[in-house]
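Residues per chain, in single letters:
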Amino acid sequence: MFPELTRDDVFRLETRRLWLRWPRLADATAILRQAGEKSVAEMTASIPHPYPVEAVEPFIFGARKGNALGDHLVLAITPRARPNELIGMIGAHHKANGTPFIGYWLGLPHWGKGYATEAVQALTDTLFTLLDIKALEADARVINPASRRVLEKSGFRAEGSFLKALPARGGLFPCEQYRLDRSTWAALKSWGSSGWAHAPDLGEEAAEPGPAAPSSSEACPA
Ligand SMILES: CC(C)(COP(=O)(O)OP(=O)(O)OC[C@H]1O[C@@H](n2cnc3c(N)ncnc32)[C@H](O)[C@@H]1OP(=O)(O)O)[C@@H](O)C(=O)NCCC(=O)NCCS
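So, here is what we can say about the structure in this document. Predicted model, so just to flag it, every value in this text is computed and none were measured.

## Here's the deal with the site of the ligand
Within the structure, the ligand sits among 23 residues, and Met 43, Ala 116, Thr 117, Pro 145 and Arg 149 are positioned closest to it. Where the shell around the ligand is concerned, the elements lending two or more residues are strand S5 (101-106), helix H4 (115-130) and helix H5 (145-153). Counting residues per element, the shell around the ligand draws most heavily on H5, at 5 residues. Its residues placed into classes, the shell around the ligand shows 14 nonpolar, 7 polar and 2 charged.

## What about the pairing of strand S7 (residues 157-166)?
A small share of S7 lies buried, amounting to 0 of its 10 residues. Sheet topology places S7 next to strand S8 (residues 171-181); 9 bridges connect them, and they run antiparallel. Following the sheet pairing, Ala 165 is matched in S8 by Leu 172. Linking S7 back to S8 in an antiparallel pair, the connection comprises 4 residues, with Gly 170 at a positive phi of about 80°.

## Side note on the environment of Thr 129
Mapped onto the secondary structure, Thr 129 falls in helix H4. Of the residues examined, Thr 129 has 12 C-beta atoms within 10 Å and is grouped as exposed. For the pair formed by Thr 129 and Arg 182, sequence separation is 53 residues and the distance between their alpha carbons is 9.9 Å.

## Here we look at the environment of Arg 179
Within the secondary structure layout, Arg 179 lies in strand S8. Given 19 C-beta atoms within a 10 Å radius, Arg 179 is considered partly exposed. With 20 residues separating them in the primary sequence, Arg 179 and Glu 159 have C-alpha atoms 7.1 Å apart.

## Considering the nonpolar core
The biggest cluster of nonpolar side chains holds 52 residues, and the ones touching the most others in it are Leu 20, Leu 75, Ile 77, Ile 90, Ile 102, Ala 119 and Leu 123. At 8 residues, the largest contribution of residues to this core is made by H4. Apart from residues no more than four positions distant in its own chain, Leu 20 is found in contact with Arg 12, Leu 13, Leu 75, Ile 77, Ile 90, Ala 119, Ala 122 and Leu 123.

## Thoughts on H4
With 16 residues, H4 ought to run about 22 Å at 1.5 Å a step, and its terminal C-alpha atoms sit 22 Å apart, in line with that. Judged by how many residues are buried, H4 sits mostly within the fold: 14 of 16 residues are covered.

## Re the packing of helix H1 (residues 28-35) against helix H3 (residues 53-69)
It is at 10 Å that the axes of H1 and H3 come closest, and there the two elements cross at 120°. Classified by the angle between their axes, H1 and H3 sit oblique to one another. The two elements H1 and H3 meet at a crossing, and its hand is right-handed. Counting all contacts with H1, which are made through Ala 28, Ile 31 and Leu 32, the residues of H3 involved are Val 53, Val 56, Glu 57 and Ile 60. Residue composition of the contact of H1 with H3, by class: 6 nonpolar, no polar and 1 charged.

Conventions adopted
- Residues numbered from 1 in each chain as written.
- Predicted model: local features only at pLDDT ≥ 70, side-chain atom pairs only at ≥ 80, totals over all residues.
- Near = placed C-beta within 6 Å.
- Helix = DSSP H or I, 4+ residues; strand = E, 2+ residues; numbered from the N terminus.
- Nonpolar A, V, L, I, M, F, W, Y, C, P; charged D, E, K, R; others polar.
- Buried ≥ 20, exposed ≤ 12 C-beta atoms within 10 Å, placed from the backbone.
- Pairing = 2+ DSSP bridges.
- Core = buried A, V, L, I, M, F, W, Y, C linked by C-beta atoms within 7 Å.
- Contact = placed C-beta atoms within 7 Å.
- Expected span 1.5 Å × (residues − 1).
- Axes fitted to C-alpha atoms, helices over the stretch in contact; angles between N-to-C directions.
- Parallel < 35°, antiparallel > 145°, perpendicular 65-115°, else oblique.
- Left-handed = near helix turned anticlockwise from the far one by under 90°.

What follows is the structure in structure tokens.
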């Protein structure tokens, strides 16, 4: 589903403050520490809690394999100035109805700084730009106002609640379904308002960690 461009280890997205890049084995400790927090895991469908040490490497290999095959696009969220330092993850996955859905999490120390919104908007721009899709979907537990707000700030519209199976949580839980149509996304981009981030740069070539970008503008995966 995902094009050649995204299937290479050197693919990355750059935003004003972030690099979104393929996860690496060296991220294992950071994933274990941050996704291992109950407050992070409990809002997701697939992050176990406690997070078994032996689960993290297979997760990274699975993420990289799926990226290489174009089955999904799972990226580490890192500060642009320190791209070796994973602070969260974001991903887009294929859904049976053909509409990709996105999920994300951030480590607790990094909450409340607008990073999730910045990452979601960058991935959203990329998916609508690279894929011939009509819409994107996401969902959030009804008890997760921060994630719902991230989606709303990114133009997603709530479509009602439903009971969703969250395997790592062990049951069905009330979630809010969200959708962003291409036409709404295009309108938001052309209006250039509402705090929507500028389109990310699509990085294709390998690069060493660089200096912090000038502050000009601006997958869980659950
Ligand atoms: C959800 C999550 C990714 C948000 O990350 P973040 O970087 O803090 O998000 P942002 O800073 O971009 O935006 C958060 C917004 O939610 C708001 N918010 C946070 N807590 C809130 C609360 N309890 N009630 C209402 N709004 C809240 C913030 O004020 C902010 O909105 P604003 O910019 O209008 O002020 C992060 O909390 C997280 O990883 N949680 C655990 C995992 C998770 O929930 N993943 C998503 C699964 S669907």
